[in-house]
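Architecture and fold: a report
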Amino acid sequence: METNLSQIIHELYNLEVQPQVSRPAPEFGDYATNIALQLAKQVGKNPREIAEEIAAKLKESGAYSDVTIAGPGFINVRISASALVKSLNDEWSDTYGNSTEGAGKTVVVEYPSPNMAKPYSVGHLRPGNQGWAARQLMEATGWKVITDNHLGDYGAPLGIWITGFKKFSNDAALEEGGVYELGRVYIETKRALKEEAERGEATLADEVQDWLLKYEAGDKEAVAYSERFNTISLDHIHTVMNRLKISTDYELGEAFFAPKGKDAVKKLLNEGVAVQNGDGSIIVPLDEFGFDVPLLVQKSNGAALYATTDLATILYREETIKPDKVIYSVGAEQQFYFSQLFAMAKKLGITTDLYHLWFGVIDQLNEDGTREKMSSRKGVVLMEELLDQAEAKARETVGDRDISEDDIKKIALGAIKFTDFISDRRTNILFDWKTIFALTGMSGPYVQYAAVRVNKILDEYGRGDAFVDTYDYVAEKDVLAKLLEYPSVVNAAARDIEPHKVANYIYELAREMNRYYEKTPIATGEVSDDERRARLGVLTKVSHVFTHALALLGIEVPTKM
Ligand code: ARG
């Protein structure tokens, strides 16, 4: 009902709302909503008129046996169990939830694209979570999906690493600290570079440049350092991605595309898209797209920039993959950059749908109750530390019950990820361990537990999803109605990559199940054979949908919790 309403309201008035649906006394109907009254001001019509327009659409949908309007604009609906059973029976399959909306089309999804110079931090948690959800949603809606980890592995970091390593570190320390030592060296060297610049000196800066030039020229020592440092950093990135249970098909980073930048820029010049300045730098004017600043694609010294590698990436994909769509899972702070990049692509005549999947930052709650961007005393919060902490919290949550390490990890990840998906991705999220691991309300543990509970009953009494002819399914009405909504939720979530729609749905399904258990015995007590079979059949479907929907968010169902 919630999903139907929000779609209808979108169609009729082009508004994005999440309508509340209540359960009135049985004589009025199964569900009621006062959404027409709430919308009156925004829509500029009287509530009764709005209610009529919405009611007409609800009737059209065929999902309800009775739609009536009461008072100034309350909408009451009744659902019929037999109609629900029929519809669900028609639509059900082993892949229920999947659709073919994107059939025949290819999408490239880019995530989590961390930078190699520093250890994996929470800064790349959302790019991974949201990118993975995008991948799952596109795949579920029939797209051919190709995923790529666009590593930040190009540019000054190598020079800084080598210079810093010689000055501030040594083999033993690197052996011991791995990527964390590299991160420390990087930060310390950056600081030294800044101090030196303030003194008007450039000894270290020159050394950094020297190493970069040596590397470009194939100098043995520089290449050996590069391989050594990159291996350490990449192994670390993979360890973290494995823990986050995300992976990609390709890992073509900036360094792979940088050498292709020269040709890409030449193409821009040839096609009159870019112009060269007097100092040799090359820019793409974007006035006709409403930007008063051009995009810089080559520095005066000929060096490639972030935009150059991205341009080369776009061209490479046009040649090798010819995707219909490319999704970049990158935070809101790069919105301006991507809008310029996409404008440049348009100017070049590229028609592929380039889509910046952006999201807010992660905030933390300070002790005095204020919010700020998540950080630790040492600066950024390290991803591995956050995961360790989450696992410790998950262990606390399950107490002394006998839960496997594997399940603990699923609970820890589920809690973190679900938090990421509760609200519209464009908002900042608040990271607060208490709510993340809350056992009630919108939390990972709450929805995972709902799924585990269903599975536990099924494991004990048996699965089987056929409908039973002799049973009326009246007690299951609300659950069936919720199940019937699912495919449209997936499609709606995939359209603008809005995984919160799936998260909200999962939460609603979990609540619906809790209401259901309260009044209906499933397999024990005064239950006939037909009733038991029918109810276990519904639960089997619920189990499928829980697993399918959670997987869209990259969350697994624990075997026990
Ligand atoms: N490595 C970049 C960062 O962490 C993100 C890369 C995003 N992808 C891209 N094609 N520019 O900020």
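Anyway, here's the lowdown on the structure attached to this text. (Residues numbered from 1 in each chain as written. Predicted model: local features only at pLDDT ≥ 70, side-chain atom pairs only at ≥ 80, totals over all residues. Heavy atoms only, no water.)

**What to know about the overall build of the protein chain**
Condition: Where helices and strands are cited, they refer to DSSP runs of H or I of at least four residues and of E of at least two residues respectively, numbered from the N terminus. Each residue's exposure class comes from its accessible area (1.4 Å probe, protein chains only) as a fraction of the maximum for that residue type: buried when under 20%, exposed when over 50%, partly exposed otherwise. Residue contacts are defined here by distance: any two heavy atoms, one from each residue, within 4.5 Å place the two residues in contact. When charges are counted, neither His nor the chain ends are considered; positive counts come from Lys and Arg and negative counts from Asp and Glu. A charge is said to be at NZ when it belongs to Lys, at CZ for Arg, at CG for Asp and at CD for Glu.
When helices and strands are tallied, the protein chain shows 21 helices and 13 strands. On the principal axes, the C-alpha backbone points of the protein chain span a range of 85 × 60 × 50 Å. Looking at the protein chain residue by residue over its 561 residues, the buried ones come to 52%. Of all intrachain contacts in the protein chain linking residues separated by at least 6 positions in sequence, the fraction that spans at least 24 positions is 73%. Distance between charge centres in the protein chain, computed from 63 positive and 85 negative side chains, equals 1 Å.

**Here we look at the sheet that holds strand 11 (residues 362-365)**
Inclusion rule: Strand pairing is assigned whenever DSSP detects at least two bridges linking the two strands. Comment: axis = line fitted to C-alpha atoms, over the contacting stretch for helices; angle = value between 0 and 180 degrees taken between N-to-C directions.
Strand order in the open sheet formed by 3 strands is 12-11-13, and the pairing between neighbours is mixed. Whereas interior strands pair on both sides, the edge strands pair on one side only; in this sheet they are strand 12 (371-373) and strand 13 (429-431). With strand direction ignored, the average angle separating the axes of adjacent strands in the sheet is 40°. Note: strand 11 against strand 12, 3 bridges, orientation antiparallel.

**Here's the deal with the site of the ligand**
Here is the rule we go by: Nearness of a residue to a molecule or strand requires only that one of the residue's heavy atoms be within 4 Å of it. Pairs of N or O atoms within 3.5 Å make up the polar contacts considered here, provided that, within protein, one atom can donate a hydrogen while the other can accept it, and that residues adjacent in sequence are counted only when both atoms are side-chain atoms. Using a 1.4 Å probe, accessible areas were evaluated by the Shrake-Rupley method; residue-level cover was limited to the displayed protein chains. All residues other than Ala, Val, Leu, Ile, Met, Phe, Trp, Tyr, Cys, Pro, Asp, Glu, Lys and Arg, Gly among them, are scored as polar; the first ten of these are nonpolar and the last four charged.
In the region of the ligand, the neighbouring residues are Glu110, Ser113, Asn115, His124, His150, Tyr306, Asp310, Tyr328, Val330, Gln334 and Phe338. For the ligand, a nitrogen atom lies 2.9 Å from a polar atom in the side chain of Glu110. Calculation on the ligand without its partners gives an accessible area of 350 Å², and the protein chains cover 90% of this total. The class makeup of the residues in the shell around the ligand is 4 nonpolar, 5 polar and 2 charged.

**A short note on the environment of Phe256**
When you line up the elements, Phe256 lands in helix 11 (residues 254-257). Between the C-alpha atom of Phe256 and that of Asp153, which follows or precedes it by 103 residues, the distance is 8.7 Å.

**Considering the nonpolar core**
As a reminder of what qualifies: In this text, buried Ala, Val, Leu, Ile, Met, Phe, Trp, Tyr and Cys residues form a nonpolar core when linked through side-chain atoms within 4.5 Å.
With 143 residues, the main nonpolar core has Ile54, Leu386, Tyr473 and Phe546 as its most contacted residues. Apart from residues no more than four positions distant in its own chain, Leu386 is found in contact with Val122, Leu125, Met374, Val381, Ile416, Phe431 and Trp433. Among the nonpolar cores identified, the runner-up in size contains 33 residues, and Phe257, Ala264, Val273 and Leu286 belong to it.

**Here's the deal with the pattern of salt bridges**
Pairing between side chains of opposite charge can happen when their charged atoms approach one another. How we decide: Basic side-chain nitrogens of Lys or Arg form a salt bridge, by our definition, when they fall within 4 Å of a carboxyl oxygen of Asp or Glu.
Per the counting criterion, the structure on display carries 40 salt bridges. When the shortest N-O distance is used, the salt bridge between Asp420 and Arg126 registers 2.7 Å. You can see Asp420 sitting in helix 16 (residues 405-421) and its partner Arg126 sitting in helix 5 (residues 125-140), a full 294 residues away along the chain. Summarising the burial analysis for this pair, Asp420 and Arg126 share the class buried. A salt bridge links Arg371 to Asp363; the nearest nitrogen and oxygen atoms lie 3.1 Å apart. Residue Asp363 is classed as buried on the basis of its relative accessible area, which comes to 8%.

**With respect to unusual backbone geometry**
The omega angle of the peptide bond from Tyr111 to Pro112 is -25°, so this bond is cis rather than trans. With respect to the helices and strands, the residue Pro112 is situated in the loop between strand 4 (106-110) and helix 5. Of note in this structure, Ser113 is not a glycine but carries a positive phi near 50°. Following the sequence through the fold, Ser113 ends up in the loop between strand 4 and helix 5.

**Focus: the packing of helix 13 (residues 306-320) against helix 14 (residues 335-347)**
The condition is simple: Roughly parallel means an angle under 35 degrees; roughly antiparallel, over 145; roughly perpendicular, 65 to 115; everything else is oblique. Throughout, a crossing is termed right-handed when the near helix is turned clockwise from the far one, and left-handed when it is turned anticlockwise from it by less than a right angle.
In contact at an axis separation of 11 Å, helix 13 and helix 14 are set at 45° when each is read in the N-to-C sense. As summarised for this structure, helix 13 and helix 14 are arranged oblique, according to the angle between their axes. Classified by chirality, the crossing of helix 14 by helix 13 is right-handed. Here helix 13 contributes Tyr306, Ala307, Asp310, Leu311 and Ile314 to the contact with helix 14, which in turn contributes Tyr337, Leu341, Met344 and Ala345. Here the contact of helix 13 with helix 14 is built from residues that sort into 8 nonpolar, no polar and 1 charged.

**Some remarks on the pairing of strand 9 (residues 325-329)**
Selection criterion: Viewed with both strands pointing away, a crossover whose connecting path from the first strand over the helix to the second turns clockwise is right-handed.
In terms of burial, strand 9 is largely enclosed, as 5 of its 5 residues are buried. Here strand 9 shows a buried face lined by Lys325, Ile327 and Ser329 and a second buried face lined by Val326 and Tyr328. With 4 bridges joining them, strand 4 and strand 9 adopt parallel strand pairing. Within strand 9, the residue paired with Val107 across the bridge is Lys325. In terms of strand pairing, strand 9 meets strand 10 (residues 353-357) through 5 bridges, oriented parallel. Pairing of Ile327 across the sheet is with Tyr355, part of strand 10. In this view, the connection linking strand 9 to its parallel neighbour strand 10 by way of helix 14 has right-handed handedness.

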